[in-house]
Amino acid sequence: MRRFILAVVGLTAVAVAGCSSASSGSSASSPSPGSASSSTGTITVFAAASLMGTFTQLGKQFDAAHPGDTVKFSFGPSSGLATQITSGAPADVFASAAPANMDTVVTAGDAANPQDFAKNTMEVAVPPNNPAKVKSVNDLAKSSVKVALCQPQVPCGVVAAEVFKNASIKIKPVTLQPDVKSVLTQVELGSVDAGMVYVTDVMAAGSKVKGVQIPSSDNASTLYPIATITNSKHKSIAQSFVTYVLSPAGQQVLTAAGFQTP
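This one's a predicted model, so the numbers in the text were calculated from it and none came from an experiment. (Residues numbered from 1 in each chain as written. Predicted model: local features only at pLDDT ≥ 70, side-chain atom pairs only at ≥ 80, totals over all residues. Heavy atoms only, no water.)

Here the focus is the layout of surface pockets. By volume, the largest pocket is sized at about 200 Å³. Forming the walls of the largest pocket are Ile-85, Gly-88, Ala-89, Pro-90, Ala-91, Asp-92, Asp-110, Ile-229, Asn-231, Ser-232, Lys-233 and His-234. Here the lining of the largest pocket is composed, by residue class, of 5 nonpolar, 4 polar and 3 charged. Considering only enclosed or pocket space, the second largest pocket measures out at about 160 Å³ in volume. In terms of lining residues, the second largest pocket is bounded by Ser-50, Met-52, Gly-53, Thr-54, Gln-57, Lys-181, Thr-200, Asp-201, Met-203, Ala-204, Ala-257 and Phe-259. (1 Å grid on protein atoms, 1.4 Å probe; cavity = no way out; pocket = protein on both sides within 12 Å on 5 of 7 lines; lining within 4 Å. Points joined across faces, edges and corners; volume = space filled by probe spheres on them. Nonpolar A, V, L, I, M, F, W, Y, C, P; charged D, E, K, R; others polar.)

Next up on the list: the nonpolar core. The biggest cluster of nonpolar side chains holds 62 residues, and the ones touching the most others in it are Phe-55, Leu-140 and Met-196. Excluding residues within four positions of it along the chain, Leu-140 makes contact with Val-124, Val-134, Val-145, Val-147, Phe-164, Ile-171, Ala-194 and Met-196. By size, the runner-up hydrophobic cluster in this structure holds 11 residues, among which are Phe-46, Leu-81, Ala-91 and Ile-229. (Core = buried A, V, L, I, M, F, W, Y, C linked by side-chain atoms within 4.5 Å. Buried < 20%, exposed > 50% of the residue type's maximum accessible area, 1.4 Å probe, protein only. Contact = heavy atoms within 4.5 Å.)

Let's shift gears to the packing of helix 8 (residues 235-246) against helix 9 (residues 248-256). Relative orientation of the contacting elements helix 8 and helix 9 amounts to 60°, with a least axis distance of 4 Å. When the interaxial angle is binned, helix 8 and helix 9 end up oblique. Residues Tyr-244, Val-245 and Leu-246 of helix 8 lie in contact with helix 9, whose contacting residues are Pro-248, Ala-249, Gly-250, Gln-251 and Leu-254. Along the lines of polarity and charge, the residues of the contact of helix 8 with helix 9 split into 6 nonpolar, 2 polar and no charged. (Axes fitted to C-alpha atoms, helices over the stretch in contact; angles between N-to-C directions. Helix = DSSP H or I, 4+ residues; strand = E, 2+ residues; numbered from the N terminus. Parallel < 35°, antiparallel > 145°, perpendicular 65-115°, else oblique.)

Moving on, we come to helix 2 (residues 52-65). With 14 residues, helix 2 extends 20 Å from end C-alpha to end C-alpha; this agrees with the ideal 20 Å at 1.5 Å per step. Buried residues of helix 2: Thr-54, Phe-55, Leu-58, Gly-59 and Phe-62, and no others. Projected onto a plane normal to the axis of helix 2, the buried residues spread over an arc of 135° and lie on a single side. Turned more than 90 degrees away from the buried face of helix 2 sit Lys-60 and Ala-64, all of them exposed. (Expected span 1.5 Å × (residues − 1). Arc of directions from axis to C-beta.)

Using the criterion set out here, one finds 1 cavity of 30 Å³ or more in the structure. Roughly 60 Å³ of internal volume is contained in the largest cavity. Each residue belonging to the lining of the largest cavity can be placed in one class, and the counts come to 9 nonpolar, 3 polar and 1 charged.

Before going further, it helps to spend a moment on the environment of Gly-76. Considering the arrangement of structural elements, one finds Gly-76 in strand 2 (residues 69-76). Taking C-alpha positions, Gly-76 is 6.7 Å from Ala-47, a pair spaced 29 residues apart along the chain. Those residues in contact with Gly-76 that lie beyond four places of it in its chain are Ala-47, Ala-48, Ala-49, Leu-81 and Asp-179.

The subject of this paragraph is the state of the cysteines. On inspection of all chains with the given rule, the structure shows 1 disulfide. In this model, Cys-150 is linked to Cys-156 through a disulfide, with the two sulfur atoms separated by 1.8 Å. Disulfide Cys-150 to Cys-156: torsion about the S-S bond roughly -100°, handedness left-handed. Using a relative accessible area of 4% as the deciding quantity, one classes Cys-150 as buried. Given a relative accessible area of 2%, Cys-156 falls into the buried group. (Disulfide = S-S within 2.5 Å.)

Model confidence for the protein is summarised by a mean pLDDT of 88, while 85% of its residues fall at 70 or above. Scored below 50 in pLDDT, residues 1-38 shows 0 contacts in the model against residues more than four places distant or in partner chains. (pLDDT = per-residue confidence, 0-100.)

What follows deals with helix 8. With 12 residues, helix 8 extends 17 Å between its outermost C-alpha atoms, agreeing within 8% with the 16 Å of an ideal straight helix rising 1.5 Å per residue. Every buried residue belonging to helix 8 is among Ile-237, Ala-238, Phe-241, Val-242, Tyr-244 and Val-245, and all of these are buried. Summarising the axial view, the buried residues of helix 8 lie within an arc of 160°, below the 170-degree limit, and thus occupy one face.

What follows is about the packing of aromatic side chains. Inspection of every chain in the model, using the stated rule, returns 10 aromatic pairs. Between Phe-73 and Phe-241, the ring centres sit 6.1 Å apart and the planes meet at 65°, which makes this aromatic pair edge-to-face. One end of the pair, Phe-73, is in strand 2; the other, Phe-241, is in helix 8, with 168 residues separating them in the sequence. Judged by its relative accessible area of 0%, Phe-241 falls in the buried class. Measuring from centroid to centroid gives 6.0 Å for Phe-117 and Tyr-224, while their planes differ by 70°, and the two rings are edge-to-face. (Phe/Tyr/Trp six-rings, centres within 6.5 Å; stacked < 30°, edge-to-face > 60°.)

In structure tokens, the structure reads:
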């Protein structure tokens, strides 16, 4: 009888140990709440400098709406970004400030089927106290007015040239900057009397500059196309970001910043 009781106790101990072991194994293999999904990742968006404010905001909103996904940005002149992409720089999305630069990337086979998501027009930015008393774009032709422009190959330089052609004026800038944000900085610092920037740049600068509007008969505009990069390692996330930019939520952010619908 003693042997029987000991045998039963021993079997019970083994059974309890087995249950405990099985329970521990189950807990280890169960996914914890809030674990990352299999489609998460980080994408890099190459975007025109004029999109810095809006895309930074869109990136935060996209990240919040897509837990586990992260959007990083590389801002700069569209012409330079296009060259980087066609030279093999790792990127997942390209948002250009001009169709011509997007065409360069598409022709090289690095993107396809771009979609226009915004439109922008030019405005003259001057320091708050407007020392040169600039009242119109025509005043930029005066030799006494120090003007900052974008380099001629950059979209903001191309569009500014169109404005000058429409207004039948010739400008001799004191400085040529690599992108529109650099032009704006020159104005904010008071290094120049005026700079040719986009309407959205004047809005973003707030009280740091004053805007001098350009008549529609003289003004010029540019379209902003966006596309995923062919060799993106996170194509689904990249496409989701493009879709977000084109969505009502994305367009609302762009419109609030002064961009027009294409």
